[in-house]
Amino acid sequence: MTDTTKSIHGEWSSRFAFILAATGSAVGLGNIWKFPYITGENGGGAFVLVYLLCVLAIGIPIMIAEIMMGRRGRQSPINTMTTLAEEAQVDSRWHYLGWMGVAAGFLILSYYSVVAGWALSYVVKAFFGGFSGGDAEEIKSLFDGLVASPVQLVFWHSVFMLATMMIVRRGVSGGLEKAVRFLMPALFVILLLLVGYAMTTGFYQQGLDFMFEADFSEIDANAILTAMGHAFFTLSLGMGAIMVYGSYLPRHISIAKTAIYIAGADTIVALLAGIAIFPIVFANGLEPGAGPGLIFQTLPIAFGNMSGGWLFGFLFFVLLVFAALSSSISLIEPAVAWLVENKGMDRHSACIWSGLVTWLLGVAVAFSFNIWSDITLFDKSIFDLLDYLTANLMLPLGGLCIALFAGWMMKRQHTLQELEMPEQQYGVWKFLICYIAPAAVFLVFLHVVGII
Ligand code: PFF
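Residues numbered from 1 in each chain as written. Predicted model: local features only at pLDDT ≥ 70, side-chain atom pairs only at ≥ 80, totals over all residues. Heavy atoms only, no water.

Turning next to unusual backbone geometry. Phi at Ser 236 is positive, roughly 60°, even though this residue is not glycine. Here Ser 236 lies in the loop between helix H10 (221–234) and helix H11 (241–246). The phi dihedral of Asp 379 falls on the positive side, at around 70°, and the residue is not glycine. Mapped onto the fold, Asp 379 is located in the loop between helix H15 (347–367) and helix H16 (382–409). (Helix = DSSP H or I, 4+ residues; strand = E, 2+ residues; numbered from the N terminus.)

Residues Val 124, Phe 127, Phe 128, Trp 310, Leu 311 and Leu 315 make up a contiguous nonpolar surface patch of about 580 Å² in total accessible area. Breaking the nonpolar patch down by element, the ones donating at least two residues are helix H5 (96–127) and helix H14 (309–342). In terms of residue count, H14 provides more of the nonpolar patch than any other element does, 3 residues in total. The residue Leu 311 is located in helix H14 in this model. (Patch = residues over 30% accessible without salt bridge, like charges linked within 9 Å, V, L, I, M, F, W, Y side chains within 5 Å. Areas by Shrake-Rupley, 256 points an atom, 1.4 Å probe, with all protein chains shown as cover. Salt bridge = Lys/Arg side-chain N within 4 Å of Asp/Glu carboxyl O.)

Another point: the packing of H14 against H15. At a closest axis distance of 9 Å, the pairing of H14 and H15 adopts a crossing angle of 135°. Between H14 and H15, the interaxial angle falls into the category oblique. In the crossing of H14 with H15, the sense of the turn from one axis to the other is right-handed. Residue-level contacts link Ile 332, Glu 333, Val 336, Leu 339 and Val 340 of H14 to Arg 347, Ala 350, Cys 351, Ser 354 and Thr 358 of H15. By residue class, the composition of the contact of H14 with H15 is 6 nonpolar, 2 polar and 2 charged. (Axes fitted to C-alpha atoms, helices over the stretch in contact; angles between N-to-C directions. Parallel < 35°, antiparallel > 145°, perpendicular 65-115°, else oblique. Left-handed = near helix turned anticlockwise from the far one by under 90°. Contact = heavy atoms within 4.5 Å. Nonpolar A, V, L, I, M, F, W, Y, C, P; charged D, E, K, R; others polar.)

Bringing the site of the ligand into the picture now. As a structural note, the neighbourhood of the ligand is formed by 15 residues, with Ala 26, Gly 30, Tyr 112, Phe 233 and Met 239 the closest of them. In this structure, Tyr 112 approaches the ligand through a side-chain N or O atom, which is 2.5 Å from an oxygen atom. For the ligand, whose unbound accessible area comes to 340 Å², protein coverage reaches 100%. Where the shell around the ligand is concerned, the elements lending two or more residues are helix H1 (15–26), helix H2 (29–41), H10 and H14. Taken together, the residues of the shell around the ligand break down into 7 nonpolar, 8 polar and no charged. (Near = heavy atom within 4 Å. Polar contact = N/O pair within 3.5 Å; in protein donor to acceptor, adjacent residues only side chain to side chain.)

Another point: H10. With 14 residues, H10 extends 20 Å between its outermost C-alpha atoms, agreeing within 8% with the 20 Å of an ideal straight helix rising 1.5 Å per residue. The buried fraction of H10 is high, at 12 of 14 residues. Those residues of H10 not exposed but buried are Ala 221, Ala 223, Leu 225, Thr 226, Ala 227, Met 228, Gly 229, His 230, Ala 231, Phe 232, Phe 233 and Thr 234. Once H10 finishes, Ser 236 follows within two positions and takes phi at roughly 60°, a positive value. (Expected span 1.5 Å × (residues − 1). Buried < 20%, exposed > 50% of the residue type's maximum accessible area, 1.4 Å probe, protein only.)

Bringing the nonpolar core into the picture now. For soluble globular proteins, the rule of thumb is that nonpolar side chains tend to be buried together. Core analysis: the largest hydrophobic core is formed by 167 residues, its most contacted members being Met 69, Trp 118, Phe 316, Phe 317 and Trp 429. For this core, the leading source of residues is H5, giving 18 residues. (Core = buried A, V, L, I, M, F, W, Y, C linked by side-chain atoms within 4.5 Å.)

What follows covers helix H6 (residues 136–147). Along an α-helix, a turn takes 3.6 residues, which lines up residues three or four apart on a common side. Compared with an ideal rise of 1.5 Å per residue, which puts 12 residues at 16 Å, H6 spans 17 Å between its outermost C-alpha atoms and is within 8% of the ideal. Where H6 is buried, its residues touch H5, helix H7 (150–169) and helix H13 (294–305).

This part covers the packing of aromatic side chains. Tallied over the entire structure, the rule returns 30 aromatic pairs. With a centroid separation of 6.1 Å and an interplanar angle of 15°, the aromatic rings of Phe 296 and Phe 317 are classed as stacked. On the criterion of sequence distance, the pair formed by Phe 296 in helix H13 and Phe 317 in helix H14 is long-range, its members being 21 residues apart. In terms of burial, Phe 296 and Phe 317 fall into one category: buried. One Lys or Arg, Lys 34, reaches over the ring of Phe 233 and ends 4.3 Å from the middle of that ring. Between the NZ or CZ atom of Lys 380 and the centre of the ring of Tyr 388, over which it lies, the distance is 4.6 Å. (Phe/Tyr/Trp six-rings, centres within 6.5 Å; stacked < 30°, edge-to-face > 60°. Lys NZ or Arg CZ within 6 Å of the ring centre and 35° of its normal.)

Glancing now at the packing of H7 against H15. Two quantities define a packed helix pair, namely the angle between the axes and the distance from one axis to the other. Where H7 meets H15, the axes come as close as 9 Å, and the angle between the chain directions of the two elements is 160°. As judged from the angle between their axes, H7 and H15 are roughly antiparallel. Read as a crossing pair, H7 and H15 show a hand that is right-handed. In this structure, H7 uses Pro 150, Leu 153, Val 154, His 157, Ser 158, Met 161, Met 165, Val 168 and Arg 169 to contact H15, whose residues at the interface are Arg 347, His 348, Cys 351, Ser 354, Gly 355, Thr 358, Trp 359, Gly 362, Val 363, Ala 366 and Phe 367. Of the residues that constitute the contact of H7 with H15, the class distribution is 11 nonpolar, 7 polar and 2 charged.

On to the pattern of salt bridges. Throughout the structure, instances matching the rule amount to 9 salt bridges. In this structure, Asp 91 engages Arg 93 in a salt bridge whose closest nitrogen and oxygen atoms are separated by 2.8 Å. Of the residues examined, Arg 93 reaches a relative accessible area of 56% and is grouped as exposed. Two residues, Lys 140 and Asp 144, come together in a salt bridge whose shortest N-O distance is 2.8 Å. With Lys 140 and Asp 144 both in helix H6 and 4 residues apart, the pair spans about one turn of that helix. We classify Lys 140 as partly exposed; its relative accessible area is 37%. Take Asp 144: its relative accessible area is 32%, and that puts it in the partly exposed class.

This part is about the environment of Val 365. With respect to the secondary-structure elements, Val 365 resides in helix H15. Along the chain, Val 365 and Val 154 lie 211 residues apart, while their C-alpha atoms are 9.2 Å from each other. Discounting chain neighbours no more than four positions away, the residues touching Val 365 are Ser 110, Tyr 111, Val 114, Ile 382, Phe 383 and Leu 386.

Before going further, it helps to spend a moment on the confidence of the model for the chain. When the pLDDT values of the chain are averaged, the result is 90; 96% of them are 70 or greater. Within the chain, the lowest mean pLDDT, 81, falls on helix H8 (residues 175–199), and the highest, 96, falls on helix H9 (residues 204–212). (pLDDT = per-residue confidence, 0-100.)

Position of Ser 328 relative to the elements: it lies in helix H14. On the basis of relative accessible area, Ser 328 is assigned to the buried category, the value being 0%. If we skip the residues at most four places from it in the chain, Ser 328 touches Leu 109, Tyr 112, Phe 160 and Thr 164.

Below, the structure written as structure tokens:
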């Protein structure tokens, strides 16, 4: 691989542009919608601690590996894996890892888009003062009414998918690169405002205690798996999203520093979301384990009871939708890049086909909240099943393979050349990627199936 090899899909304009796009991919519904509700379901503090440990010891080293592999391969994850396997002179079947990533991207986006659709419908509700003066009960029935309606869910899911595909069609550094530049800081400011509101509820300390006092009796094998899976989900790891973004990264940019920055920003947003939400949960006698509807049943209470709340509510959900969009485009990008490279499609047709498949799957997810709610497999609805399969199994498995490939298959001179790290830091990364990350994922898997 020479210094001049570039991706055929284009390149980020700068390191900052890459950081924005990758942070945009990482920060999304996972931080604001999912992190608080799974923390609530899994008892709080101990879960948060396990999640933070996973981000540090598994997430960051794997993110470095994914960016590095993407930049070296310079193509869609499937073709990147083929190229890298050839270069390392190992079995070409490693490229199936790319396929699993494409599949995971489709599956995640199908339910991600339905949830983003909830946020879209809340933009309208907030704008028309739908939360004003609402108590916990009214706000809950608002949410229950939404998910009970297949027509509304499919409508909003369709709007979100359309928006996603229109952005992806314009290519990586089109409008979104610019939009993310001010949307991310704006989201951060509104979260701070919500934390401010949470402080006035009288239950702020209780919320903090719930999030940061670790009681390990609350946690079992499945909670640990969920925490680990979420570390992958929230950092967009294990399926090639960050790899494909890495393939558009110019050379001579410090990958390690960039990865730490992205993971740091992502973690701060998730923690802020939790700190804002739990005091509101306790102040209104709600259940922290209320499930996927948690933010939709709590934050509107805050918006409905603060002055100017309709405006803040409106802005918050608009920003949440944008955060979701900057993630959804990265979920579909590996598939689109592959269709362009291998099937000779232009970006336009690649977007139509991949968008259509995801949309259809998403319709099934939307129905799983209402007319198909009694269709279950392993005791899980279609939504729950897709979430479990992707976040808890496919992403960690993908991450495990990425760690094994980067740590054990790639030649030292190649990883060193790509990472350009001082010897000592390289040693730390190598240790984490060769031993700690794979062992941790493997042990958690064994623990869940009951072998240890
Ligand atoms: N990281 C995104 C979030 O936290 O919302 C979701 C996601 C995006 C997961 C891209 C996986 C991915 F490849």
